Amino acid sequence: MTYAITQTCCSDATCVAVCPVNCIHPTPDEPDFGTTEMLYVDPKSCIDCGACADACPVDAIFPVDRLTGPLKKYEAINAAHYEGREPAPVLASPTFHAWGAPSFDRSLPSDFAPIRVAVVGTGPAGMYAAEDLLLHTNAEVTLIDRLPVAGGLVRYGVAPDHPGTKGAGDTLARFHTHPRATVRLGVDIGGDVTTEELAAHHDAVVYAVGAPSDRRLGIPGEDLPGSLSATSLVSWYNAHPETPAEAVSLGTAERAVVVGNGNVALDVARILVSDPAALDGTDIADHALAALRGARLREVVLLGRRGPEDAAYTASEILALAELPGVELVVDTHDPRTAEAIDAATAGGKAGLLRGVARETVDWTRGPDAGRRRVVLRFHSAPEEAIGPDAVRAVRAGGFDGPAEIPAGLLVRAIGYRGVPLAGLPFDEATGTVPHTAGRVDGMTGTYVVGWIKRGPSGGIGANRSCAAETVGSLLADAIEGRLPKPTGSAKAFARLARARSGRVVDARGLAAIDRAERARGAATGRPRVKLATVPELVAAARRGRLRGPVG
């Protein structure tokens, strides 16, 4: 028997570190780490020890004889990754590694005075940087976030029906209470406190502010009511405090058009057509669950500019969509190239994943069938216009035989995230990132970037680990070489400054109080948690409960 990695793999590589026989690839020191869709177990090398399953932060690893339903396919997916490759060397004994020379590229000398580092952003990128600093050095870390709660995209970007993926956030959250970490949430850097003031109180600052905006389509009618970004929709159903309940209206729409075919587009489609009863046991926002219960949406059309062989989604996400209970997945064969690509594809190719999916040349003059929920994949098709006049009523999309007018009451653009400028930092408008060299912000000594604001909006949760390793390595090299500017303010002075400028500062005890409050609300309704959906609610919960109980 062997183990297999499944859908919720975050590529964190914790499993790689504990594997005694080097049977999980790619490893962080291999060139394709961070570029493959997930990590894979080599069935020929696996010795069935289970160490990887115990270490996995998102519960994605199982013995193959326990895989059932949609997960059963991952036995073949893991094995296919190694077809035609030389198997990884298996050592004579599983308890010994052939260790190389010791390498401590992200550490400080033992007699080095502690440095004080601010990490702005508490999503995966920022927390991986904090983890490196707290575990490998004697640095003191100040964790800062604009919102009065931590988590970033793990809390507000991961779909509510993917609870396993959220486990990575729980793993990183343990550093909120590390003895050398200080939590200062609800502080807007660039607003409440300037970048110059932050730098004056720390030896170094790492910005992990992500890519909170979105790309636009640039088509007529894009600004009509009923047209919105996936960023807004995802924030809405995840109870982001800056996206109010009334920000999204599903109205009487029976069909939605989602532009894009990446994982975010699939997330949006899946949430919109899922049976609301299936979302009852998730942490979806109360207002979103109520809206979905009352909605008439039964069909989502995914528009992909290119063919199925070039789809941006990962294999795990399209397989999950194909197995969604009560929802039919259909490929629109309006363009003959679509069927040709699927029929000619190899089993492991993107197009090959659709070989068993129903095909239909959809007649858009007909509305969605009553009582039938489905997702339509329409490749080789791009939006040309959102048709109103007072709100989105249809979407004109390119087609093989000319444009097709698809009646729809909702248009969602899911064509990528984009970084935004932060006052005090340089910004490249073309890439939506902060210019840097190996994480060092150009022209700003002691200032660093990590995550999507550094490399652009690509890569999942685990990709941030290697990204953070590079940035922290640069920071520590600068510290050893004496290149970090000496702070003029103390940690206590920064705490006073933050509280004077922001009336919503939340510390570690307040964060723990928010967590307890949300879990208690969830327990009352049989859900894992019910999120507090506004800034005042979050701050009030933090203040009300911060003196009750332990921080953990």
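What counts, and where the lines are drawn
Residues numbered from 1 in each chain as written. Predicted model: local features only at pLDDT ≥ 70, side-chain atom pairs only at ≥ 80, totals over all residues. Heavy atoms only, no water. Pairing = 2+ DSSP bridges. Helix = DSSP H or I, 4+ residues; strand = E, 2+ residues; numbered from the N terminus. Axes fitted to C-alpha atoms, helices over the stretch in contact; angles between N-to-C directions. pLDDT = per-residue confidence, 0-100. Contact = heavy atoms within 4.5 Å. Core = buried A, V, L, I, M, F, W, Y, C linked by side-chain atoms within 4.5 Å. Buried < 20%, exposed > 50% of the residue type's maximum accessible area, 1.4 Å probe, protein only.

Novice: Explain the sheet that holds strand E18 (residues 404-407) here, please?
Specialist: In a beta sheet, neighbouring strands are held together by backbone hydrogen bonds and run either parallel or antiparallel to one another. Read across the open sheet, the 3 strands follow the order E16-E17-E18; overall the sheet is antiparallel. Both edges of this open sheet fall to strand E16 (383-387) and E18, since each of them pairs with a single strand only. This sheet shows a mean twist of 20° between the axes of neighbouring strands, independent of strand direction. Sheet analysis places strand E17 (residues 394-397) next to E18, joined by 4 bridges and oriented antiparallel. Bridge pairing links Ala394 to Pro407 in E18.

Novice: Would you take a moment to explain the confidence of the model for the protein chain for this structure?
Specialist: Here the protein chain averages 91 in pLDDT, while 95% of its residues score no lower than 70. Taken together, the stretch residues 90-104 has pLDDT below 50 and engages in 11 contacts with residues farther than four places along the chain or on a different chain.

Novice: What's the story with the nonpolar core in this structure? I'm lost.
Specialist: Nonpolar side chains in soluble globular proteins tend to be buried together. Judged by nonpolar contacts, the single largest core of 71 residues is most densely connected at Ile24, Leu39 and Ile115. Of the residues forming this core, the biggest block, 7 residues, is contributed by helix H4 (residues 124-136). In contact with Ile24, other than residues within four places in its own chain, are Ile5, Cys15, Val16, Cys19, Leu39, Tyr40, Val41, Cys52 and Tyr82. Among the nonpolar cores identified, the runner-up in size contains 48 residues, and Ala239, Ala269, Leu321 and Val375 belong to it.

Novice: Would you mind going over unusual backbone geometry with me for this structure?
Specialist: The phi angle of most residues is negative, glycine excepted, and most peptide bonds adopt the trans form. Following His25, the chain continues into Pro26 via a peptide bond in cis, with omega recorded as -5°. Among the secondary structure elements, Pro26 is positioned in the loop between strand E2 (24-25) and strand E3 (40-41). For the bond from Gly388 to Pro389, the omega torsion is 20°, close enough to zero to count as cis. Tracing the sequence through the fold places Pro389 in the loop between E16 and E17. Unusually for a residue other than glycine, Asn22 sits at a positive phi of about 55°.

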